[in-house]
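# Notes for the structure review
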Amino acid sequence: MRYFKSVSDIGDLSAAVKEALDVKARRFDFKHLGENKTLLMIFFNSSLRTRLSTQKAAMNLGMNVIVLDVNQGAWKLETERGVIMDGDKPEHLLEAIPVMGCYCDVIGVRSFARFENKRDDYEEKILNQFIRYSGRPVFAMETATVHPLQSFADLITIEEHKAVERPKVVLTWAPHPKALPQAVPNSFAEWMNAAGYDFVITHPKGYELDPQFVGNARVEYDQDRALEGADFVYAKNWSAFADPNYGKVLCTDRSWTITTEKMALTNNAYFMHCLPVRRNMIVSDDVIESERSLVIPEAANREISAQVVLKRILESL
Ligand code: CP
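## Observations concerning the pairing of strand 11 (residues 232–236)
Taking burial as the measure, the five residues of strand 11 include five buried ones, the bulk of the element. Covered by surrounding structure in strand 11 are Phe232, Tyr234 and Lys236 together with Val233 and Ala235, the residues of both alternating faces. Bridging between strand 8 (residues 168–173) and strand 11 involves five bridges; their strand directions are parallel. Note that in strand 11 the partner of Val170 across the bridge is Val233.

What follows is the structure in structure tokens.
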């Protein structure tokens with residue numbers, strides 16, 4: 001594998017989950033793959049889980065790891081071609097990327113949607129420049145439109161906990177005070193569709209996701225109806241995708257918060273969220289602290305999804 005941004009990059013999902021469970025059982029047995037290989041993780045945005053789990057996964061594989069926080073200690077980067085660089089950005093991404101490629105064997109990139117230009121965000125302008133100019137395998141650590149390491153970890157977690165072959169999985173929008181990207185729900189929808197689950201998306205009107213990610217999912221605007229019989233409830237906030245409201249907060253209705261009363265509508269569902277989560281906006285304290293909450297196992301599986309991706313990249317070098 002040379003690039004990882006979509007579910008299609010991982011190939012057969014059953015094989016990927018099987019490999020993940022094998023890696024989880026013997027995570028230190030692949031150290032030879034990463035010997036004298038260096039992972040460079042580039043963060044344009046903050047992170048707790050992605051930073052720690054991906055670094056741990058690389059260390060499990062025997063890799064050296066360099067972490068660069070672009071906005072803390074590196075030169076400010078210009079990303080637009082054709083700009084007269086007489087402002088506060090002394091270096092252009094088009095030199096910085098190949099330079100970064102000189103010092104590593106694999107690159108991970110975190111670069112969120114900027115909400116300045118929808119086309120730039122949905123064309124994955126930053127990620128694709130790394131793919132084009134670094135000369136290295138590149139994987140997404142949450143980019144403008146996708147977060148595949150999270151969705152792979154979520155899939156592993158569902159496979160570990162499901163009681164039926166084809167569980168009902170509900171992705172529900174929940175309120176949040178700030179405008180968040182669509183990357184997590186986009187990827188979650190893409191991966192749940194690929195897994196072939198009974199998959200439902202629920203959100204207020206105006207929060208429709210990009211149809212290329214919604215795929216064949218059922219969209220239900222009544223959250224209570226969507227939750228009926230659910231085996232897994234995946235809560236997440238996102239901002240509007242559709243024009244002219246791209247990147248805007250249209251609703252903060254707290255009747256969409258996942259509470260014990262909402263969970264009572266389900267088939268004793270597990271609760272999921274990628275974290276970080278705002279308690280009592282997205283989910284009530286009692287739900288996230290309940291025995292059916294999977295937020296910590298999901299986070300633990302981030303190490304495993306990252307290790308499978310890095311392992312496959314190393315095997316292809
Ligand atoms: N879920 C997730 O990607 O967490 P971080 O933003 O902390 O990395």
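## As for the sheet that holds strand 2 (residues 38–43)
If you trace the five strands from one edge of the open sheet to the other, you get 1-7-6-2-3, paired in parallel fashion. Edge positions in the sheet fall to strand 1 (3–4) and strand 3 (64–69), since each of these pairs with one other strand and no more. Strand direction decides the pairing type here: strand 6 (residues 106–110) and strand 7 (residues 138–140), joined by three bridges, are parallel. Across the sheet, Val109 pairs through a bridge with Ala140, a residue of strand 7. Contacting strand 2, strand 3, strand 6 and strand 7, helix 2 (residues 49–60) runs over the sheet at an angle of about 175° to strand 2. Docked against the sheet, helix 12 (residues 295–316) engages strand 1, strand 2, strand 6 and strand 7, running at close to 165° with respect to strand 7.

## Thoughts on unusual backbone geometry
At the junction of Asp243 and Pro244, the peptide bond is cis and its omega measures out at 5° in the coordinates. Here Pro244 is to be found in the loop between strand 11 and helix 10 (260–263). Of the consecutive residues Leu275 and Pro276, the connecting peptide bond is found in the cis state with omega at 0°. By the element assignment, Pro276 lies in the loop between strand 12 (270–272) and helix 11 (285–288).

## Focus: the sheet that holds strand 8
One open sheet accounts for five strands, arranged 10-9-8-11-12; its pairing is parallel. Two strands close off the open sheet at either side, each with one partner strand: strand 10 (218–219) and strand 12.

## Observations concerning the packing of helix 6 (residues 148–161) against helix 7 (residues 183–195)
Contact geometry of helix 6 with helix 7 gives a least axis separation of 9 Å together with a crossing angle of 45°. Judged on the interaxial angle alone, helix 7 and helix 6 are oblique. Taken as a pair, helix 6 and helix 7 cross one another with a handedness that is right-handed. For the pair helix 6 and helix 7, contact is made by Pro148, Ser151, Phe152, Asp154, Leu155 and Ile158 and by Val184, Ser187, Phe188, Trp191, Met192 and Ala195, respectively. Considering only residue class, the contact of helix 6 with helix 7 consists of nine nonpolar, two polar and one charged.

Cut-off values and rules
Residues numbered from 1 in each chain as written. Predicted model: local features only at pLDDT ≥ 70, side-chain atom pairs only at ≥ 80, totals over all residues. Heavy atoms only, no water. Buried < 20%, exposed > 50% of the residue type's maximum accessible area, 1.4 Å probe, protein only. Helix = DSSP H or I, 4+ residues; strand = E, 2+ residues; numbered from the N terminus. Pairing = 2+ DSSP bridges. Contact = heavy atoms within 4.5 Å. Axes fitted to C-alpha atoms, helices over the stretch in contact; angles between N-to-C directions. Parallel < 35°, antiparallel > 145°, perpendicular 65-115°, else oblique. Left-handed = near helix turned anticlockwise from the far one by under 90°. Nonpolar A, V, L, I, M, F, W, Y, C, P; charged D, E, K, R; others polar.

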